[in-house]
Amino acid sequence: MPTTTSIFITSLFFVMLLPNFGSELKSSDPVKNNNTEQILIDFSNTSVAGWRIVNDSVMGGISRSTLQLHEDGYAVFSGTVSLENNGGFASIRTRAQTPVDLSGFDGLSVHVLGDGKTYSLRLRTVKNGRLTRYSYEARFATTAGEWETHKLAYSDFSPVFRGDAVRGNPELNPDTVLEIGFMIQDGQEGPFSLGVQRLSAYRTVSEK
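This one's a predicted model, so the numbers in the text were calculated from it and none came from an experiment. (Residues numbered from 1 in each chain as written. Predicted model: local features only at pLDDT ≥ 70, side-chain atom pairs only at ≥ 80, totals over all residues. Heavy atoms only, no water.)

### Let's talk about the pattern of salt bridges
How we decide: One speaks of a salt bridge when a side-chain nitrogen belonging to Lys or Arg is within 4 Å of a carboxyl oxygen belonging to Asp or Glu. Secondary structure elements are defined from DSSP: runs of H or I of at least 4 residues count as helices, runs of E of at least 2 residues count as strands, and each element is numbered from the N terminus.
This model, assessed by the stated rule, comprises six salt bridges. Its salt-bridge partner being Glu179, residue Arg95 comes within 2.8 Å of it at the nearest N-O pair. Linking Arg95 in strand E6 (residues 90–100) with Glu179 in strand E14 (residues 177–184), this pair joins segments that are 84 residues apart in sequence. The salt bridge involving Arg139 is made with Asp186; its shortest N-O contact spans 2.8 Å.

What follows is the structure in structure tokens.
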């Protein structure tokens, strides 16, 4: 059962900073050190205090969600998606203190406990000194009751704004990542539960 550490928010709040997100990258060069993976967020030693929930209540919907820290060392993003009042999504997100340079990697991987539904990993970056209004998202399907690792290449991420494709299809620039989050959408009505153990940046090393 989840511990009492819990966030329950059904409307938009300002996002708090998560000091540890990306700080590990500043002490080493992943390319020079030939690291194939760099953990960005590990809920076995990270609290959920720096995460915020943004549901469709910001648009009049009534979907509800929580983020809880499980006693077994992972976070649980769960709730109920409702399609009433033109709603239909729930999300969690967090920001680093400063933009994080992930350009030395090929993509992001997430280790999750699924429920059979499809989720999106979402990123926001800094462009021309400002946080972009739009997000980049990559979807991954889960298997109910199974732990799985999903590798999402940067080329899998597409720019979206309020559910629509962004004109011009601007390419993801991974050297200024400031915000990371998860979302459930696409009319997936009803209860959901996604366990998240860790999120990492990965590099593909070709065999010689």
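### What to know about the packing of aromatic side chains
Threshold: Note on aromatic contacts: the rings of Phe and Tyr and the six-membered ring of Trp form a pair at centre separations within 6.5 Å, being stacked when their planes are under 30 degrees apart, edge-to-face when over 60 apart, and tilted otherwise. Two limits define a charge over a ring: the Lys NZ or Arg CZ must be within 6 Å of the ring centre, and within 35 degrees of the ring normal.
As enumerated under the stated definition, the model contains seven aromatic pairs in all. Aromatic ring contacts, followed pair by pair, group Phe77, Tyr119, Phe140, Phe182 and Phe192 into a single cluster. We note Lys151 situated over the ring of Tyr202; from NZ or CZ to the ring centre the distance is 5.0 Å.

### Quick look at the nonpolar core
Using the following cut-off: Grouping buried Ala, Val, Leu, Ile, Met, Phe, Trp, Tyr and Cys residues that are joined through side-chain atoms within 4.5 Å yields what is termed a nonpolar core. Buried, partly exposed and exposed residues are distinguished by accessible area as a fraction of the type maximum, computed with a 1.4 Å probe on protein chains only: under 20%, between the cut-offs, and over 50%, respectively. We call two residues in contact whenever any of their non-hydrogen atoms come within 4.5 Å of each other.
Leu108, Leu121, Phe140, Phe157 and Phe182 are the most contacted members of the largest nonpolar core, which has 43 residues in total. Not counting chain neighbours up to four residues away, the residues in contact with Phe140 comprise Val110, Val112, Lys117, Thr118, Tyr119, Ser120, Leu121, His150, Leu152, Phe182 and Leu194.

### A word on the side chain of Gln188
Here is the rule we go by: Polar contact is the term for a pair of N or O atoms within 3.5 Å; when the atoms are in protein, one must be able to donate a hydrogen and the other to accept it, and sequence-neighboring residues count only if both atoms are side-chain atoms.
With respect to the helices and strands, Gln188 occurs in the loop between E14 and strand E15 (190–202). A polar contact is formed between the side chain of Gln188 and the backbone oxygen of Thr118, at a distance of 2.7 Å. A polar contact is formed between the side chain of Gln188 and the backbone oxygen of Gln185, at a distance of 3.0 Å.

### A look at the confidence of the model for the protein
The condition is simple: Confidence scores labelled pLDDT are given residue by residue by the predictor and lie between 0 and 100.
Scored by pLDDT, the protein has a mean of 84; 83% of the residues are at 70 or more. In this model residues 22–34 is a low-confidence stretch, pLDDT under 50, and it forms 21 contacts with partners more than four residues away in sequence or in other chains.

### What about the pairing of strand E8 (residues 118–127)?
Short version of the rule: In this scheme, strands are said to pair when DSSP sees at least two bridges between them.
E8 sits mainly inside the fold: eight of its ten residues count as buried. Here six bridges tie E8 to strand E10 (residues 135–141), and the two strands are oriented antiparallel to one another. Residue pairing in the sheet places Arg122 in a bridge with Glu137 of E10. Two strands pair when backbone bridges link them, and E8 and E14 are joined in this way by six bridges, in the antiparallel orientation. Across the sheet, residue Leu123 finds its bridge partner in E14, namely Ile180. Bridging between E8 and strand E9 (residues 130–131) involves two bridges; their strand directions are antiparallel. Its bridge partner being in E9, Val126 is matched across the sheet by Leu131. The loop that links E8 with its antiparallel partner E9 comprises two residues; one of these, Asn128, has a positive phi angle of about 55°.

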